[in-house]
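# Architecture and fold: a report
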Amino acid sequence: MSRAVPSAIMAVAEKAKALKAQGRDIISFSIGVPNFLPGEHVYAAAHQALDRDSGNYGSNRGPDGLLDAFLAHFKRNGFDGFERKNLCVGVGAKHVIFNVMYAILEEGDELILPAPYWTSHIDIARILGADIKVAYCGSEQDYKLTAAQLESLISPRTKLLVLNNPGNPTGMVYTEAEIRALGDVLSKHPHVWILSDDIYNQMIFDGLGWHHLLKTHPHLRDRVILLDSLSKTYGMPGWRVGVAAAPVELAQALVTLNSNHITNLPEVVCAAAIAALTGPQDIPQKMAGEFMAKRDEVMATFARIQGLSCPRPQGAFYAFPDVSFAFGKRHGAASITDDVDFCNVLLDAKGVACVPGSAFGEPKALRISYTCKAQELTEGLKRFEEFCSELH
Ligand SMILES: Cc1ncc(COP(=O)(O)O)c(C=O)c1O
């Protein structure tokens with residue numbers, strides 16, 4: 001437990017919630033929730049499942065109906081050739097990540113993690129005692145891992161690369177050429193597994209498309225774990241449904257782990273998940289459109305703030321501006337020396353909650369999650385801009 005730390009994102013979200021409860025006017029840009037609800041058909045399926053409760057334990061891998069719905073979902077996205085035996089569900093993607101890392105990593109094994117990283121990727125690897133090789137990808141390279149960086153970090157002890165596309169906290173999306181270049185490197189190192197965390201795959205803007213190692217380099221199939229989740233795509237973060245599509249042996253390892261802790265996902269949750277995956281698919285599309293418009297509003301505000309720079313996010317629902325121009329300045333009597341100060345002073349002065357970039361391995365930046373209501377977003381951005389203009 002000495003290696004385990006609580007989620008930094010949850011800590012900011014809790015603080016914002018506590019201030020709100022005290023009556024403060026708080027706008028939270030902190031937690032990564034999609035902020036929409038699934039369609040009626042999802043709730044109807046859950047109600048029906050309650051009426052038909054089997055009274056039994058369920059499958060450790062996931063019920064056939066849910067596995068088939070995921071297989072169809074993958075097929076829709078151009079991933080053919082998976083079978084039920086390639087899949088294993090979990091209590092959200094976070095749980096699947098834990099299982100995958102637990103299955104692959106021995107203490108001391110090397111894991112390559114591009115920074116900025118999502119907090120749980122590093123936190124889980126730390127808990128497992130992995131030797132984490134962070135590949136720092138600054139804003140000047142649009143926060144994306146390059147093939148040269150990857151090549152230089154792979155050693156005979158490398159077990160796993162975590163690749164997150166679109167990325168949290170940056171919203172960055174890899175182009176086909178960039179994925180291809182990474183795939184070329186990985187092809188040369190057959191001992192490296194790849195955890196491809198693609199849970200924001202339905203939220204890609206500007207007509208860019210979702211490019212994937214399994215498409216550019218199909219032969220990597222025997223060591224790529226494709227990770228997906230219902231949380232962001234279907235507005236179902238609290239339902240806790242994630243899945244891995246992986247080589248059979250790895251999927252079986254995840255099933256074995258499930259059999260020793262969660263046993264199964266609840267029947268009601270599985271029914272709702274099946275309805276979401278097989279029902280109308282216009283919701284994710286519509287939401288991606290809304291998020292893109294919000295991204296534009298965020299970027300328009302940032303463009304007016306002198307000194308602030310931000311690679312243009314092209315997916316997910318985050319922006320990750322470099323706010324280091326503010327370091328060494330003051331707001332009122334409060335001095336700002338780093339990203340944590342920036343976020344604390346901003347929260348105290350303007351009631352706007354953001355997550356410090358150091359939580360993601362980039363202490364020059366902060367993360368804004370911009371899925372809140374349109375009015376709140378506009379007001380929060382106004383306060384953010386005001387705050388920056390008041391720095392001295
Ligand atoms: C990159 C990334 N992977 C995985 C997860 C976990 O998702 P889930 O809600 O399915 O556990 C998140 C959640 O924020 C995420 O941002």
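Residues numbered from 1 in each chain as written. Predicted model: local features only at pLDDT ≥ 70, side-chain atom pairs only at ≥ 80, totals over all residues.

A separate point is the overall build of the chain. Across its full length, the chain holds 13 helices and 14 strands. Its C-alpha atoms give the chain a radius of gyration of 21 Å, within 12% of the compact-globule value 21 Å for 392 residues. Once the C-alpha set of the chain is aligned to its principal axes, its extents read approximately 60 × 55 × 45 Å. For the chain, buried positions account for 47% of its 392 residues. (Helix = DSSP H or I, 4+ residues; strand = E, 2+ residues; numbered from the N terminus. Rg over C-alpha atoms; globule rule 2.2 N^0.38 Å. Buried ≥ 20, exposed ≤ 12 C-beta atoms within 10 Å, placed from the backbone.)

As a further point, take the packing of helix α2 (residues 40-51) against helix α10 (residues 267-278). At a minimum axis distance of 8 Å, the contact between α2 and α10 shows a crossing angle of 145°. Taken as a pair, α2 and α10 cross one another with a handedness that is right-handed. Residues H41, V42, A45, A46, Q48, A49 and L50 of α2 form the contact with α10, whose own contacting residues are E267, V268, A271, A272, I274, A275 and A276. (Axes fitted to C-alpha atoms, helices over the stretch in contact; angles between N-to-C directions. Left-handed = near helix turned anticlockwise from the far one by under 90°. Contact = placed C-beta atoms within 7 Å.)

Quick look at the site of the ligand now. The environment of the ligand is made up of 13 residues, and the closest members are G92, A93, K94, S229 and S231. Residue contributions to the shell around the ligand peak at three residues, all from helix α4 (residues 92-104). Residue composition of the shell around the ligand, by class: four nonpolar, seven polar and two charged. (Near = placed C-beta within 6 Å. Nonpolar A, V, L, I, M, F, W, Y, C, P; charged D, E, K, R; others polar.)

This brings us to helix α9 (residues 248-260). Three- or four-residue spacings in an α-helix give side chains the same orientation, since the helix completes a turn every 3.6 residues. Taking 1.5 Å as the rise per residue, α9 with 13 residues should run 18 Å; its terminal C-alpha atoms sit 19 Å apart, in good agreement. Residues of α9 that are buried: L250, A251, L254, L257 and N258. One face of α9 carries all of its buried residues, which in axial projection span an arc of 115°. Exposed positions of α9 whose direction lies more than 90 degrees from the buried face are V248, E249 and N260. (Expected span 1.5 Å × (residues − 1). Arc of directions from axis to C-beta.)

Turning to the sheet that holds strand β2 (residues 87-90), a few remarks are in order. A sheet is described by the order of its strands in space; here seven strands give the open sequence β2-β8-β7-β6-β5-β3-β4, paired in mixed fashion. Bordering the open sheet on either side are β2 and β4 (131-136), each of which pairs with just one other strand. With direction set aside, neighbouring strand axes in the sheet form an average angle of 20°. As paired elements, strand β7 (residues 224-229) and strand β8 (residues 242-245) share four bridges and run antiparallel to each other. Paired with D228 across the bridge in β8 is V243. Here α4 sits on the sheet and contacts β2, β5 (158-164), β6 (193-197), β7 and β8; the angle it forms with β8, its principal contact strand, is near 40°. (Pairing = 2+ DSSP bridges.)

Attention now moves to the sheet that holds strand β13 (residues 355-356). A sheet is described by the order of its strands in space; here three strands give the open sequence β9-β14-β13, paired in antiparallel fashion. The open sheet is flanked by β9 (318-319) and β13, the only strands paired with a single partner. Pairing geometry for β9 and strand β14 (residues 366-369), over two bridges, is antiparallel. Residue Y318 lies in a different strand from β14, and its bridge partner there is S369.

Each pair of packed helices can be summarised by the angle the axes make with each other and by the distance between the axes. α10 packs onto helix α3 (residues 64-76) with a crossing angle of 25° between their chain directions and a minimal axis gap of 9 Å. As summarised for this structure, α3 and α10 are arranged roughly parallel, according to the angle between their axes. In this structure, α3 crosses over α10, and the sense of that crossing is left-handed. Residues G65, L66, A69, F70, A72 and H73 of α3 lie in contact with α10, whose contacting residues are C270, A273, I274, L277 and T278. Split into classes, the residues belonging to the contact of α3 with α10 amount to eight nonpolar, three polar and no charged. (Parallel < 35°, antiparallel > 145°, perpendicular 65-115°, else oblique.)

A few words now on the pairing of β4. Pairing of strand β3 (residues 110-115) with β4, which is carried by six bridges, proceeds in the parallel orientation. Its bridge partner lying in β4, L111 is registered against I132. One crossover worth recording links β3 to the parallel β4 by way of helix α5 (residues 119-127), and it is right-handed. (Right-handed = clockwise from strand over helix to strand, strands pointing away.)

Core analysis: the largest hydrophobic core is formed by 123 residues, its most contacted members being I194, I225, A244, A272 and A273. Residue contributions to this core peak at nine residues, all from α10. Shared between two domains, this core takes at least three residues from each, and those domains are domain 1 (8-31 + 283-389) and domain 2 (54-278). Non-local contacts of A244, meaning those with residues more than four positions away in its chain, are made with L87, C88, V96, V100, I225, L226, L227, A251 and L254. (Core = buried A, V, L, I, M, F, W, Y, C linked by C-beta atoms within 7 Å. Domains from an automatic or database assignment.)

Further remarks concern the environment of A303. Looking at the secondary structure, you find A303 in helix α11 (residues 282-303). Separated by 241 residues in the primary sequence, A303 and G62 have C-alpha atoms spaced 47 Å apart.

Moving on, we get to α5. Those residues of α5 that sit buried are T119, H121, I122, D123, I124 and A125. Residues of α5 that are buried make contact with α1 (8-21), α4, β3, β4 and β5.

What follows is about the domain arrangement of the chain. As a measure of interface size, the accessible area lost when the parts come together is often cited. Taken domain by domain, the chain comprises domain 1 (8-31 + 283-389) and domain 2 (54-278). For domain 1 and domain 2, the distance between their C-alpha centroids amounts to 27 Å. Contacts between the two partners involve 25 residues from domain 1, matched on the other side by 25 residues from domain 2. If you list the elements that add at least two residues to the side of domain 1 that touches domain 2, you get α1, α11 and β9. With six residues, α11 is the single largest residue contributor to the side of domain 1 that touches domain 2. Taken together, the residues of the side of domain 1 that touches domain 2 sort by class into 16 nonpolar, five polar and four charged.

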